[in-house]
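Structural overview
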Amino acid sequence: MFNYKDLTYIRVALLSHIDKLSAIEEDDPGVGEDGFSDIQDDIEYLQRLSDIVDHEIAAIKAQAVQQGARLTVVANNPPSD
């Protein structure tokens, strides 16, 4: 079983990979029709995995809130000079 930190890392990795694959066009050199079809299948599979990870993250959050935890959003802003 993965913890919250693991799942958020996995989610970011999946979304990054989906974005990179989504940028590939069928007419890109070396892709071809069959390769593009495989890429589209991979994107769908990764999106399903991402949905599962999102569901698991939501379950962890719900359990934490149920146990009395307070969740807050922490901004990821770089420090200003």
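In what follows, the accompanying structure is described. This is a predicted model, so every value here is computed, not measured.

From N to C terminus, the chain includes two helices and zero strands. Of all 81 residues assigned to the chain, the portion counted as buried reaches 16%. Taken as a whole, the chain presents about 6800 Å² of accessible surface, with 53% of it coming from carbon and sulfur.

The next thing to look at is the pattern of salt bridges. Applying the stated rule across the entire model yields one salt bridge. Between Asp-54 and Arg-11 there is a salt bridge; the shortest N-O distance is 3.5 Å. Residue Asp-54 is located in helix 2 (residues 32-66), and its partner Arg-11 is located in helix 1 (residues 4-22); the two are separated by 43 residues in the primary sequence. The exposure class assigned to Arg-11 is partly exposed, which follows from its relative accessible area of 25%.

A few words on the nonpolar core. With 11 residues, the main nonpolar core is built from Leu-7, Leu-14, Ile-18, Leu-21, Val-31, Phe-36, Ile-39, Ile-43, Leu-46, Val-53 and Ile-57. Looking at this core, the elements that each hand over two or more residues are helix 1 and helix 2. Broken down by element, the residue count for this core peaks at six residues, all from helix 2. Every residue in contact with Phe-36, bar those within four places of it in the chain, is listed here: Ile-24, Glu-25, Glu-26 and Val-31.

With that settled, consider the environment of Ala-59. Within the secondary structure, Ala-59 sits in helix 2. Looking at Ala-59, the relative accessible area reads 38%, which means it is partly exposed. Between the C-alpha atom of Ala-59 and that of Tyr-4, which follows or precedes it by 55 residues, the distance is 9.8 Å.

The next subject is the side chain of Ser-50. For Ser-50, the position within the fold is in helix 2. According to the relative accessible area criterion, Ser-50 is buried, its value standing at 5%. Leave out the neighbours within four places in its chain, and Ser-50 touches Leu-14 and Leu-15.

What counts and what doesn't
Residues numbered from 1 in each chain as written. Predicted model: local features only at pLDDT ≥ 70, side-chain atom pairs only at ≥ 80, totals over all residues. Heavy atoms only, no water. Helix = DSSP H or I, 4+ residues; strand = E, 2+ residues; numbered from the N terminus. Buried < 20%, exposed > 50% of the residue type's maximum accessible area, 1.4 Å probe, protein only. Areas by Shrake-Rupley, 256 points an atom, 1.4 Å probe, with all protein chains shown as cover. Salt bridge = Lys/Arg side-chain N within 4 Å of Asp/Glu carboxyl O. Core = buried A, V, L, I, M, F, W, Y, C linked by side-chain atoms within 4.5 Å. Contact = heavy atoms within 4.5 Å.

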